[in-house]
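# Working through the structure, step by step
This is what each chain is made of:
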Number of protein chains: 2
Amino acid sequence: MKIAILGLGTVGKGVLDVLVNNQKIITARAGEQIIPVAALVRDLAKAKEAIKAYDLANFTLSTNADEILMRDDIDVFVELIGGVDLPRELISTLLKRKKPVVTANKALLAYHRSELEMLAKDTPFGFEASVAGGIPIIKALREGLSANHIEQITGILNGTSNYILTNMMKDGLAFKDALLSAQKLGYAEADPSFDIGGFDAAHKLLILASIAYKLNAKPDDILIEGIENISSDDIYFAQEFGYAIKLLAIAKKSAQSLELRVHPALLEHSKMIAKVDGVMNAVSVWGDCVGESMYYGAGAGAKPTASAVISDLIDIARKIKSPMLGYKDTSLQSGLSLVKSDDLMSKFYLRLRVHDELGVIAKITNIMSQNELSIDSFLQKPNSSKADTTVYFTTHTCKQANVLKSLELIGRENFVVSKPFMIRIEK
Amino acid sequence: MKIAILGLGTVGKGVLDVLVNNQKIITARAGEQIIPVAALVRDLAKAKEAIKAYDLANFTLSTNADEILMRDDIDVFVELIGGVDLPRELISTLLKRKKPVVTANKALLAYHRSELEMLAKDTPFGFEASVAGGIPIIKALREGLSANHIEQITGILNGTSNYILTNMMKDGLAFKDALLSAQKLGYAEADPSFDIGGFDAAHKLLILASIAYKLNAKPDDILIEGIENISSDDIYFAQEFGYAIKLLAIAKKSAQSLELRVHPALLEHSKMIAKVDGVMNAVSVWGDCVGESMYYGAGAGAKPTASAVISDLIDIARKIKSPMLGYKDTSLQSGLSLVKSDDLMSKFYLRLRVHDELGVIAKITNIMSQNELSIDSFLQKPNSSKADTTVYFTTHTCKQANVLKSLELIGRENFVVSKPFMIRIEK
Ligand SMILES: NC(=O)c1ccc[n+]([C@@H]2O[C@H](COP(=O)([O-])OP(=O)(O)OC[C@H]3O[C@@H](n4cnc5c(N)ncnc54)[C@H](OP(=O)(O)O)[C@@H]3O)[C@@H](O)[C@H]2O)c1
Ligand SMILES: NC(=O)c1ccc[n+]([C@@H]2O[C@H](COP(=O)([O-])OP(=O)(O)OC[C@H]3O[C@@H](n4cnc5c(N)ncnc54)[C@H](OP(=O)(O)O)[C@@H]3O)[C@@H](O)[C@H]2O)c1
């Protein structure tokens with residue numbers, strides 16, 4: 001089976017490396033050799049340097065997409081360029097010509113998976129690498145759990161954010177120091193906003209939710225909050241009360257509706273997913289037959305991602321073709337409506353920085369009760385004669401709109417020092 | 001797609017139940033309806049009672065295997081009788097007739113998977129339910145991780161044992177009380193020896209190892225130890241020193257050889273798999289590309305097992321057929337030799353009950369050093385004037401033969417009160 005790699009960056013080079021080094025076992029499992037014969041690159045000199053280490057016979061490097069795409073001897077194309085528009089164009093062209101494609105591109109799928117599903121009706125299209133890198137979660141959801149109604153998916157899908165939060169929690173680092181440390185180790189980009197803002201996790205959540213629920217939502221349709229505003233105060237509270245703080249990607253079904261949301265959350269330490277630390281990813285899935293199952297592993301990196309890409313290639317060699325999103329009838333509609341953020345129900349943790357003066361707590365709790373927030377716990381540490389103090393509340397289950405309204409009203413009071421902050425508490 | 005269920009017990013009824021109740025979602029995912037049309041049973045009256053709740057049109061109950069097996073209108077047969085000889089006969093007959101089969105039968109596969117692999121060359125044969133119930137670990141190993149050399153598999157594969165050990169650890173129960181509690185809750189059989197003796201876990205380990213390594217070992221070929229002799233003393237030690245005690249099933253590869261072993265082990269609490277408690281199962285897999293990934297979920301029960309059985313049925317409906325054990329060339333040999341138990345290298349924990357008298361420790365450590373056991377730590381608690389005391393050692397990495405020899409020699413000494421006991425410490 002001859003393949004072309006489109007884009008010879010981190011993952012592209014990883015795929016080449018594993019195909020060459022694990023060739024024997026891959027051939028035994030695939031039933032035939034998987035041979036890289038061409039790569040589409042942007043910089044020929046750089047690419048030549050990159051492939052020098054491998055003894056590749058008859059391997060073409062080209063900067064011309066058409067030249068590679070039109071080659072009839074290539075059986076499968078692996079898209080590892082990244083971005084949305086160009087990959088969309090290349091992959092569409094290929095699928096229309098019934099050429100099998102494998103990609104790791106979550107951004108593309110977050111926006112255009114429905115369109116690609118149509119094109120991939122009769123043509124293999126693998127994207128295992130697009131969610132949670134080395135963890136075969138696409139396959140688990142689409143095939144392993146296919147007998148189940150999926151009740152909930154809770155994922156730690158962004159290693160950068162999990163690394164930062166773990167470091168804040170375990171080493172007491174402030175957010176900006178934990179981010180710096182992640183950047184130094186190559187776990188965070190120079191511009192980290194896509195990861196720490198929750199967008200990367202949201203892309204992956206949308207892909208998983210499509211398989212579980214046949215629902216074609218876009219990133220703009222769902223709640224996305226990042227971890228930028230988590231402070232040492234929040235870490236202190238979490239530690240005191242037996243919580244971990246994680247950036248969670250959640251899909252949760254009720255009778256006729258579905259919650260899709262990405263945000264930091266307080267999670268009891270005893271939960272299996274709360275124990276997932278550092279750059280590792282994990283996805284917990286609740287099915288009506290199996291109950292909870294969890295999938296844990298490396299979420300990114302050249303080799304884990306290559307492992308997923310090549311598993312898709314081996315499936316293609318084995319002539320295994322599942323319906324792309326798990327449903328033969330691509331026109332099927334879930335009938336589920338998305339819950340609006342305002343209507344989300346949750347317990348909340350609230351952190352308020354206020355002047356330490358008489359009557360403040362009464363005013364705060366007054367606003368809360370007027371907005372139907374029922375308080376579950378309250379903490380104010382003894383204040384060694386400073387003018388300001390931090391007060392913490394947790395609420396019973398209540399409506400998000402009411403919490404935001406309360407925080408806005410409280411934020412307008414003179415005794416408030418900085419913007420009130422909330423984190424959802426996940427059951 | 002018409003199916004027959006052979007054996008309408010716990011799992012058989014579970015499969016029927018899920019096929020009926022989740023029919024709509026299963027049809028959407030499979031692309032066609034999966035219709036149970038017949039069951040092979042032993043007691044007709046009991047079976048009639050069991051299926052009364054379902055509105056099954058044209059459903060045949062029969063006590064005659066031939067009658068059902070020879071029916072040409074049945075597309076797939078689901079074997080859920082259990083045992084080895086009868087299922088072997090039935091399944092062989094079916095595969096020879098190129099009839100697809102799905103089974104949950106780990107005992108059958110532990111002994112006869114190689115023979116079945118030949119028969120299933122061109123015919124779908126699913127056995128996802130045979131290992132770790134609801135966790136799609138067969139699929140993960142065979143397809144998801146197919147690009148990897150598997151370096152190690154460590155599994156908690158027996159829920160009964162894990163439940164007992166968890167209760168000893170968390171509630172301070174003695175072994176026999178924890179076993180009683182498991183029996184009361186239906187987590188342990190009246191005769192629990194198959195589970196607590198490690199045999200059930202060994203069957204499952206052999207199945208996983210075949211997929212990872214293409215190695216056809218039998219239960220008699222490998223080290224199997226149970227949890228029957230774990231005492232409160234061991235639990236005390238584990239807790240003091242930050243360990244969990246788990247019944248582990250381990251496959252571990254070195255250059256030319258493979259360790260396959262089932263035994264209780266001390267595991268550092270910080271390890272992900274050490275956090276798996278109660279009846280839950282988990283499998284950690286180390287691949288050379290992905291690093292560690294872990295799969296966690298319900299290991300048994302009617303519905304989780306049915307979930308796995310039906311996922312195999314849906315794969316068959318989708319025309320997905322992987323090579324049964326993951327290798328197209330069924331005659332392939334791993335070339336790995338099994339490490340003999342005597343040659344296993346490990347750290348060990350040793351527990352000795354001895355008379356509290358002068359010179360005892362000197363004699364013990366003397367025997368150890370003569371047998372090349374190097375001591376890593378030693379613990380003897382202050383003894384409030386009792387005649388006997390428990391002493392604990394841990395060793396550096398050493399050869400199992402040397403440990404057993406030392407314990408045998410120490411056991412012969414007059415100062416020893418009860419049989420010396422060891423548990424391996426797993427890194
Ligand atoms: N890295 C991970 O751990 C990971 C994990 C999961 C999924 N993914 C996904 O995998 C994909 C690739 O990620 P990556 O980390 O490998 O990115 P990368 O290192 O930036 O690689 C992308 C490669 O594509 C090349 N390229 C860009 N535009 C091109 C064009 N028009 N023609 C030819 N080549 C072009 C780039 O060339 P230049 O070097 O000249 O820019 C670069 O070599 C992305 O969709 C990403 O989301 C990555
Ligand atoms: N239970 C689990 O959680 C679980 C999990 C994973 C795998 N499995 C595997 O699944 C299989 C079934 O387990 P199970 O728990 O469902 O066992 P079970 O409850 O004992 O069911 C077996 C059924 O087969 C029937 N049977 C026995 N011999 C028969 C014969 N000659 N002809 C027709 N019917 C016959 C039995 O009838 P009677 O009722 O008359 O005895 C019984 O109804 C086993 O291989 C087991 O290892 C079970």
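Keep in mind that this is a model prediction, so the values were computed, not measured.

## Some thoughts on the overall build of chain A
Each helix and strand counted, chain A has 15 helices and 18 strands in total. In terms of overall dimensions, chain A is globule-like: its C-alpha atoms have a radius of gyration of 24 Å, near the 22 Å expected for 427 residues. Over its C-alpha atoms, taken along the principal directions, chain A stretches across nearly 80 × 45 × 35 Å. Taken across its 427 residues, chain A has 59% of its residues classed as buried. If you take every contact in chain A between residues at least 6 apart in sequence, the share linking residues at least 24 apart comes to 73%. For chain A, the computed accessible surface area is about 16800 Å², with 50% contributed by carbon and sulfur atoms.

## Side note on the relation of the copies chain A and chain B
The operation relating chain A to chain B is a screw motion whose rotation component is 180°, with 0.0 Å of axial translation and a residual RMSD of 0.0 Å. Interpreted geometrically, this transformation is the action of a two-fold axis. The overlap is high: 100% of the interface residues of chain A also sit at the interface in chain B, so the same surface is used on both sides.

## As for the interface of chain A and chain B
Counting residues at the interface gives 54 residues for chain A and 54 residues for chain B. In total, about 4500 Å² of surface goes out of reach between chain A and chain B, with carbon and sulfur atoms giving 56% of it. Interface area lost by chain A to chain B is led by Arg29(A), Tyr296(A) and Arg318(A), which between them contribute 15%. The tally of links from chain A across to chain B stands at two salt bridges.

## Comments concerning unusual backbone geometry
All names here are of chain B. In this structure, Lys-319 takes a positive phi of about 65° despite not being glycine. When you line up the elements, Lys-319 lands in the loop between α13 (302-317) and β13 (337-338). Relative accessible area serves as the criterion here: at 63%, Lys-319 is assigned to the exposed category. Even without being a glycine, Glu-372 presents a positive backbone phi close to 65°. Structurally, Glu-372 can be placed in the loop between α14 (360-370) and β15 (375-380). Exposure remark for Glu-372: the relative accessible area of 62% places this residue in the exposed category.

## Structural notes on the pattern of salt bridges
Scanning the entire structure with this criterion turns up 42 salt bridges over all chains. Connected through shared salt-bridge partners, Lys139(A), Arg142(A), Glu143(A), Asp315(A), Lys139(B), Arg142(B), Glu143(B) and Asp315(B) make up one network.

## Focus on the site of ligand 1
Residue and element names in this part refer to chain A. Not every one of the 20 residues close to ligand 1 is listed here, only the nearest: Thr-10, Val-11, Arg-42, Lys-46 and Gly-301. Here an oxygen atom of ligand 1 sits 2.7 Å away from a polar atom, N or O, in the side chain of Arg-42. At a separation of 2.8 Å, an oxygen atom of ligand 1 approaches a polar backbone atom of Gly-301. Considered class by class, the residues forming the shell around ligand 1 number 10 nonpolar, seven polar and three charged.

## Focus: the UniProt feature "domain: ACT" (unreviewed entry) in chain A
Annotation from UniProt places "domain: ACT" (unreviewed entry) at residues 349-424 of chain A. Between the end C-alpha atoms of residues 349-424 of chain A there is a gap of 6 Å, over a span that is 30% helix and 36% strand.

## Concerning the site of ligand 2
Residue and element names in this part refer to chain B. Near ligand 2 you find 20 residues, and of these Thr-10, Val-11, Arg-42, Lys-46 and Gly-301 are the closest. Here an oxygen atom of ligand 2 and a backbone polar atom of Gly-301 are 2.8 Å apart. Look at ligand 2: alone it shows 890 Å² of surface, and the protein chains cover 73% of it. Looking at side-chain class alone, the shell around ligand 2 contains 10 nonpolar, seven polar and three charged residues.

## With respect to the packing of aromatic side chains
Residue and element names in this part refer to chain A. All chains considered together, the criterion is met by 19 aromatic pairs over all chains. Each ring, one from Phe-237 and one from Tyr-392, has its centre 5.4 Å from the other, and the planes form 25°; the classification is stacked. One end of the pair, Phe-237, is in helix α12 (residues 232-240); the other, Tyr-392, is in strand β16 (residues 388-395), and 155 residues separate them in sequence. Considered together, Phe-237 and Tyr-392 belong to a single accessibility category, that of buried residues. Each member of the aromatic cluster is reached from another via a ring pair, and the members are Tyr-236, Phe-237, Phe-241, Tyr-349 and Tyr-392. Lying across the ring of Tyr-236, Lys-381 places its NZ or CZ 3.8 Å from the centre.

## Digging into helix α5 (residues 85-96) of chain B
Under the 1.5 Å per step criterion, the end-to-end length of α5(B) is 17 Å for 12 residues, consistent within 8% with the ideal 16 Å. Just beyond α5(B), the residue with positive phi is Lys98(B), at close to 60°.

Criteria and cut-off values
- In every chain, residue numbers begin from 1 and rise along the written sequence.
- Chains carry letters from A onward and ligands carry numbers from 1 onward, assigned in written order.
- Confidence filtering applies because this is a predicted model: local features only for residues at pLDDT of at least 70, side-chain atom pairs given and counted only at 80 or more, and all residues used for totals across whole chains, interfaces and linings.
- Calculated side-chain values reflect all of the structure's heavy atoms, with hydrogen atoms and water omitted.
- Elements are defined by DSSP. Helices are runs of H or I of four residues or more, strands are runs of E of two residues or more, and each kind is numbered from the N terminus.
- Only the C-alpha atoms count toward the radius of gyration. The rule for a globule is 2.2 Å times the residue count to the power 0.38.
- Here the term buried applies to any residue with accessible area under 20% of the maximum for its type, exposed to any over 50%, and partly exposed to those in between, with areas from a 1.4 Å probe on protein chains only.
- For this analysis, residues touch if any pair of their heavy atoms sits within 4.5 Å.
- Shrake-Rupley sampling with a 1.4 Å probe provides the accessible areas, and residues are treated as covered by the protein chains on show and by no other component.
- The copies were overlaid with a least-squares fit restricted to C-alpha atoms from residues scoring a pLDDT of at least 70 in each copy.
- Values labelled buried area give the accessible surface lost by two parts on being combined, using a 1.4 Å probe and summing over both.
- When a carboxyl oxygen of Asp or Glu lies within 4 Å of a side-chain nitrogen of Lys or Arg, that pair is called a salt bridge.
- In these notes, residues near a molecule or strand are those with any non-hydrogen atom within 4 Å of it.
- Here a polar contact means two N or O atoms within 3.5 Å. Within protein one must be a hydrogen donor candidate and the other an acceptor candidate, and residues neighboring in sequence count only if both atoms are side-chain atoms.
- Throughout this entry, Asp, Glu, Lys and Arg are counted as charged residues, while Ala, Val, Leu, Ile, Met, Phe, Trp, Tyr, Cys and Pro are counted as nonpolar. The remaining residues, Gly among them, count as polar.
- UniProt positions are given in the numbering used here, feature names are shortened, and annotations may be inferred rather than shown by experiment.
- Classification of ring pairs rests on two measures: the distance between centres of Phe, Tyr or Trp rings, Trp counted by its six-membered ring, which must be within 6.5 Å, and the angle between planes, read as stacked under 30 degrees, edge-to-face over 60 and tilted in between.
- Two conditions define a charge sitting above a ring: the NZ of Lys or the CZ of Arg must be within 6 Å of the ring centre, and it must be within 35 degrees of the ring normal.
- What a helix should span is 1.5 Å times the count of its residues minus one.

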